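As a plain string of letters, each chain reads:
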Amino acid sequence: MVTVSPEGLRLGDRVLRLLSGEVHPWRLDPADWDRVLDSVQELGFETVSCYVSWARHEVSPGAFDFSGSRDIEAFFTKVHARGMFAVVRVGPNTAAEQEDSGWPRRVLDDPACQARRPGGAPYLLATSTHQSWMPSYASKTTLAEIARWYDEVCARLSPLQWPAGPIVACQVDNEIGFHFQSHAFALDYHPDAVVQYQQFLSDLYDRDGLNAAYGSSYGAFDQVQPPTDGTCEPEQWRVDWVRFREHHLRSTLALLSSMLRDRGMDRVPLVHNDYPRTTTPMDLGSLESSGAVDIAGADIYTTKEGGRFVRELARHLAGSSVLPYMAELGTGWLTLPWLLPMQTTPLDEEHAALRAWIHGVRAANVYMLVERDRWYGSPISARGEIREPQGSFYRRLQAMLDDLDWTSLRRDAPVLIVENRDVSRRVAARAVMGDVVPCFSQLLPLDVRLFEQDDDEADAALAWDKAMVAELDRLGIEADRAASTSLPDLSRYQAVAAFGGLPCANVTEPTQLAALLDPPAFRSSSTELDLVRLTGGGREVLAVANNSGAQVDTELICDGSVSLRGCWQPEQLKGDGAISVSLGPWAVQVWEVTR
Amino acid sequence: MIAPGIQIVDVEPDGFGVLCSLASRYDKPTNGELHVLHDKGRVLRVVHTLRGPLPIRPVLDDLAKAAVSLRREHGVDRVVLVDRDLLVAQSHAFAAVGPGDVDQPTALRRSNELFWSSPAVVTDPAPPSGAASWERLEQHLRSLGEDYQGLLAGYDGDRCAFTLLARFVAGRIVHLTSLADRDPLDVATELPLSLVASLEVLRAIATADDLPAALTACAPQALISRGLPQ
């Protein structure tokens, strides 16, 4: 039985650092599998992560093919024989630049399966090289189809769970959050979703309570229809719909998890990943605390300019998850420039990946470690050739994580920034025109902010958050983040800051922070440097990221005499009370500190 | 133009990154646009694409005149007035632009064309109209042969910054890859379709409102162009 610990996955007496690389064996020539796995191991990876695509295996309705490049048992047997491990991602959604996101077309074309807009239109998603009507996870027809897929795939994978096989974790679905649609009134108005919504209300209220809250005179809950726009009144009706959407994601993942466990995937942790979105309808902390999944992670693809976005996402994972997990940490990018063009370079990837680790991530899946159709820039080619300098980056990263026993380290993060979920829900409940809001902005030549209303509360919350982060940067203090609906153990924080005055918070304004906090062990006058101190296992580590495209030459202020051993870039520095440091453009450095 | 099941493999990473940067419109110099959402003339929201939401509520008695006057007043490249209910009424039409085997660039184009021709939309200047030129381009690509290759290459000064070799079957791209181990200037002269040009020229094409028309017009600036529509 594999379990989750704050350091990684516990396999009997061993804790496995969960640092995997994504490989899609079904997109490779099986003759290259061994060479690819050789290279994966050469870069220091013990674990591979693999989508198992429903659409690739269901070759005709109800008929499944697990032969040739689709022979997952043969591939995982090779993985196991090498003493390696595997994370399997069984969908139903397996995205990955496939047509139809890995769903069989017949499922998506079935009107009974399709997610619905408020006016009843099906929801069209740009998936890879074309587009598809996306399914409703409330639809009983969809769920019955998923059950048949799980029957097939679990029968093959469940015998391969550790220790009999290499599988140490199983991902439930992929980025489930309403098909990239955060707009509260875009989805899902499928008739089965409406029934779920009515059940949700009946769990919240009795009939009189509902009528009092809504100023209505409903005779029964099945008379209540969902609000369809941010202009519907009263506000509580809309906010309850937003809450239902959070509940729907949580309950759907719980259902899919139970379906997997019932089919034998019950000896490994179940995980989920969302795209980098931490607010409603997503609630990563609640996904774990409710038991819907064991680990709720997030995906990130960005350039170096997005380094502070990575920082905030990592901080959120650190404050919300038992094992902060970047379920897709981008290396390379998809080859669909007409939809999502992004130029990514080795420097972009180094900056983003190191940012994730220093700001709290303790587990990651490098996506795509091995290149395949519709992807470029991976460290390993589809035939197993290692590409430099990306290959060297991962060798060095693995060596540094080993050298410092990284997962045993804990950041000095004395502040928790709490997202006031009541505010977020009210803001979300003011969105408009969910009938036409596109999945990707290229579908409509309209500024997406036209789908919002003027909103003083949203503006104030955003300004508050920016001011809080700016004050933390000024003080040189690291922080965690969490939603008010899924708070971590607050005793580990000196300050808990929340917008709008929550009972958990002792800070409501940035100016209150300084008086509550001990000064950081290292300080810099440069606002471009983000400093993070980590300790554990008798070690003290200092990490720094240059958030600018310019060289930064500055002094780090500290107490007493210290030596710094460069663990990322080799160097030895010494100082007494102050140390001169130089950071190249967008550079990240990690030092082991000796006092 | 994109065939179902297209294979995009072995693209040289640095060069493909350059291609992606060309395709990005974020760097394109612009004065921004003014997008106005209204309910039968009552303004609900105004967003300047560069400056964000604006706290103004212009009078929209005559939509066409208002679009002209707002464009002049705010110095933007375009004004788009959108009637909320009329646009929402087209949700089924938007959902139908691209299921099945309609390729993604085509679906994006159809969705935009549906928007610009919608009774919900009044704009100044006149809507971009690339539909006819796209059809001409697709027809032209079919006319070049049943199964052939085309090359796109970009030069940064004397240095080849990227190459993209495409195989076309029945006018649609079925395979994309980078050119390996050969001089693109040599290869370009052997293929029925090729465009080799500086990155500046290619950036202008990639971010043009009417890409096919820009392709047709680019020949004088290209290092090599063969088989482009006239």
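Up top is the structure.
What counts and what doesn't
- Residues numbered from 1 in each chain as written.
- Chains lettered and ligands numbered in written order.
- Predicted model: local features only at pLDDT ≥ 70, side-chain atom pairs only at ≥ 80, totals over all residues.
- Heavy atoms only, no water.
- Helix = DSSP H or I, 4+ residues; strand = E, 2+ residues; numbered from the N terminus.
- Buried < 20%, exposed > 50% of the residue type's maximum accessible area, 1.4 Å probe, protein only.
- Contact = heavy atoms within 4.5 Å.
- Areas by Shrake-Rupley, 256 points an atom, 1.4 Å probe, with all protein chains shown as cover.
- Lys, Arg positive; Asp, Glu negative; His and termini not counted.
- Charge placed at Lys NZ, Arg CZ, Asp CG, Glu CD.
- Salt bridge = Lys/Arg side-chain N within 4 Å of Asp/Glu carboxyl O.
- Phe/Tyr/Trp six-rings, centres within 6.5 Å; stacked < 30°, edge-to-face > 60°.
- Lys NZ or Arg CZ within 6 Å of the ring centre and 35° of its normal.
- Pairing = 2+ DSSP bridges.
- Axes fitted to C-alpha atoms, helices over the stretch in contact; angles between N-to-C directions.
- Parallel < 35°, antiparallel > 145°, perpendicular 65-115°, else oblique.
- Nonpolar A, V, L, I, M, F, W, Y, C, P; charged D, E, K, R; others polar.

K.L.:
Honestly, the overall build of chain B in this entry has me stumped. Any pointers?
P.N.:
Along its length, chain B carries 9 helices and 11 strands. By the burial criterion, 52% of the 230 residues in chain B qualify as buried. Nonlocal contacts in chain B, meaning residues at least 24 apart in sequence, comprise 62% of its contacts between residues at least 6 apart. Carbon together with sulfur atoms contributes 53% to the accessible area of chain B, which is approximately 10,700 Å² in total. Seen as two clouds, the 22 positive and the 29 negative side-chain charges of chain B have centres 8 Å apart.

K.L.:
Mind showing me how you'd approach the pattern of salt bridges here?
P.N.:
A side chain of one charge can pair with a side chain of the opposite charge when the charged atoms of the two come close. Residues and elements named next belong to chain A. Summed over all chains, the structure comprises 72 salt bridges over all chains. Among the salt bridges present, the one from Glu-540 reaches Arg-533, with a minimum N-O distance of 2.8 Å. Residue classification places Glu-540 among the buried positions, given a relative accessible area of 10%.

K.L.:
Mind showing me how you'd approach the packing of aromatic side chains here?
P.N.:
Geometrically, a pair of aromatic rings is defined through the distance of the ring centres and the angle of the planes. Residues and elements named next belong to chain A. Counting across every chain of the model gives 27 aromatic pairs over all chains. By way of ring pairs, the aromatic residues Tyr-51, Tyr-301, Trp-333, Tyr-367 and Trp-375 are connected into one cluster. Of note, Arg-396 hangs over the ring of Trp-568, and the distance from its end group to the ring centre comes to 3.8 Å.

K.L.:
Before we go on, may I ask you to explain the sheet that holds strand S4 (residues 52-53) of chain B in this structure?
P.N.:
Sheets are built from strands paired through backbone hydrogen bonds, the pairs being either parallel or antiparallel. Residues and elements named next belong to chain B. In spatial order, the strands read S4-S3-S2-S5-S6; together these 5 strands make up an open sheet with mixed pairing. Each of the sheet's edge strands pairs with one partner strand only, and the pair in question is S4 and strand S6 (121-124). Packing of helix H2 (residues 63-74) onto the sheet brings it into contact with strand S2 (33-39), strand S5 (78-83) and S6, and relative to S5 it is tilted by some 140°. Against the sheet, helix H5 (residues 104-116) contacts S5 and S6, and its axis sits at roughly 80° relative to S5.

K.L.:
Mind showing me how you'd approach the packing of helix H1 (residues 13-23) of chain B against helix H8 (residues 199-206) of chain B here?
P.N.:
When two helices pack together, you describe them by how their axes are tilted relative to each other and by the distance separating the axes. Residue and element names in this part refer to chain B. Remark: H1 packs on H8, axes separated minimally by 8 Å, with the N-to-C direction vectors making an angle of 50°. Considering the angle they form, H1 stands oblique to H8. Contact with H1, carried on its side by Val-18, Ser-21, Leu-22 and Ala-23, involves Leu-199, Leu-202, Arg-203 and Ala-206 of H8 and no other residues of that element. Here the residues of the contact of H1 with H8 are counted per class, giving 6 nonpolar, 1 polar and 1 charged.

K.L.:
Which parts of the structure should I look at to understand the pairing of strand S9 (residues 172-177) of chain B?
P.N.:
In summary, the side chains of a regular strand alternate between the two faces of the sheet. Residue and element names in this part refer to chain B. Across 3 bridges, the pairing between strand S1 (residues 2-8) and S9 is parallel. Along S9, the bridge assignment pairs Ile-8 with Leu-176. With antiparallel pairing between neighbouring strands as the criterion, strand S8 (residues 159-169) and S9 make up a hairpin whose turn holds 2 residues, including Ala-170 at a positive phi of roughly 55°.

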